[in-house]
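Structure at a glance
Each chain is listed here by its residues.
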Amino acid sequence: MSENTIEQKKKTIFSGVQPSGKLTLGNYLGAIRNFGPLQEEYNCIYCVVDMHAITVRQDPATLRRQTLEVLAQYIACGLDPDKSTLFIQSHVPAHAELAWVLSCYTMFGELSRMTQFKDKSSKHADNVNAGLFTYPVLMASDILLYQTDMVPVGVDQKQHVELARNIAQRFNGVYSDTFVMPEPYIPQTGAKIMSLQEPSRKMSKSDENQNSFILLMDKPDDIMRKFRRAVTDSDTRVARGEGKDGVNNLISIYALATGKTPEQVEAEFEGKGYGDFKPAVGEAVVELLRPIREKTEALLQDKGYLESVYKEGAAKANYLARKTLDKVYRKVGFVKR
Ligand code: TYM
């Protein structure tokens, strides 16, 4: 390849979202919001990671429905199937195949250090299965199969992307350059949206307390109610500060929803209290999510269209993934089929 073609080659972006529950405002602000703008400049591949979702028990019909819902939400959040490759992980067998090979290049100790494994295994103590433990290897395979340069994620996934880098580096060291080294791409604001009820913890779709998270599909009344009930602190000023996790979180959310800076938000609410601020955050989020919810609902009525998107996406992804997998199989010494 000449230097010129190397320069012209678009960088590759890969990311994934689990269909293990309804998507939250955290998923949107931390990750999906950033997917759309990237597709103008990069070669973008976005996956609905259904194989990751079964590391905790899922109801089959619900998993199927939510997988399509995440795909519809990708499109509703601005992803254009003509610009980005959108597909479902289980439709591209190379993910599972590479995961096996890479699991032989990943250390038990490395996986034991993953904080998400520690969290999830304590939460699902009755089902600490091997998949939950090796989950980051499957995630590394997702990323490395597409020779990914950048991985847009929230901060909770940074450790997994770093592990993918370590695995890539180890493999490249043994077999010469095989994988591109991926970089995490983490937004400055919104990388960790916190629970509305326990603002020292991240907003999570698996939280038992329904008031702790905002779903992208929540109706306006529910959104308003949840923000009105959001936990703040005994201070009354709308200002960021230490020990003000709840207010810091609401300021970030309001800033992202309105396109203002946190300083502008503080200035806007100078002299006003939480009684004014919390409903204002609610209203801003209602308006932010309204078009996404409406578009998702419309897309879910058109299963034929969604099917055409994920089939075409899988065909493109399969082609790319196969190329990397063939290279890996050759390098480790498997006989060509
Ligand atoms: P998942 O499905 O838990 O979350 C999807 C994306 O949303 C981000 N996120 C948040 N960001 C800010 N604040 C929050 N409260 C919040 N909660 C979630 C996550 O960081 C993520 O970017 N393992 C991944 C899915 C995955 C993946 C991949 C991602 C599988 N393979 C390859 C990137 C590349 C996960 O469980 O994300």
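Let me begin by describing the structure that accompanies this report. (Residues numbered from 1 in each chain as written. Predicted model: local features only at pLDDT ≥ 70, side-chain atom pairs only at ≥ 80, totals over all residues. Heavy atoms only, no water.)

1. Observations regarding the site of the ligand
Close to the ligand lie 26 residues, the nearest being Gln18, Tyr135, Asp142, Asp156 and Ile193. Taking Lys205, its side chain carries an N or O atom lying 3.3 Å from an oxygen atom of the ligand. Protein chains shield 98% of the accessible area of the ligand, which is 710 Å² for the free molecule. Elements supplying a minimum of two residues to the shell around the ligand: β1 (12–17), α2 (25–38) and α8 (130–145). Here the shell around the ligand is composed, by residue class, of 12 nonpolar, 10 polar and 4 charged. (Near = heavy atom within 4 Å. Polar contact = N/O pair within 3.5 Å; in protein donor to acceptor, adjacent residues only side chain to side chain. Areas by Shrake-Rupley, 256 points an atom, 1.4 Å probe, with all protein chains shown as cover. Helix = DSSP H or I, 4+ residues; strand = E, 2+ residues; numbered from the N terminus. Nonpolar A, V, L, I, M, F, W, Y, C, P; charged D, E, K, R; others polar.)

2. Focus on the packing of helix α5 (residues 94–103) against helix α14 (residues 303–332)
In a packed pair of helices, the relevant descriptors are the angle between the two axes and the axis-to-axis distance. Here α5 crosses α14 at 25 degrees, and the two axes come no closer than 10 Å. Classed by the angle they form, the pair α5 and α14 counts as roughly parallel. Judged by the sense of rotation from one axis to the other, the crossing of α5 with α14 is left-handed. Here α5 contributes Ala94, Glu97, Leu98 and Val101 to the contact with α14, which in turn contributes Ala321, Arg322, Leu325, Val328, Tyr329 and Val332. Its residues assigned to classes, the contact of α5 with α14 comprises 8 nonpolar, no polar and 2 charged. (Axes fitted to C-alpha atoms, helices over the stretch in contact; angles between N-to-C directions. Parallel < 35°, antiparallel > 145°, perpendicular 65-115°, else oblique. Left-handed = near helix turned anticlockwise from the far one by under 90°. Contact = heavy atoms within 4.5 Å.)

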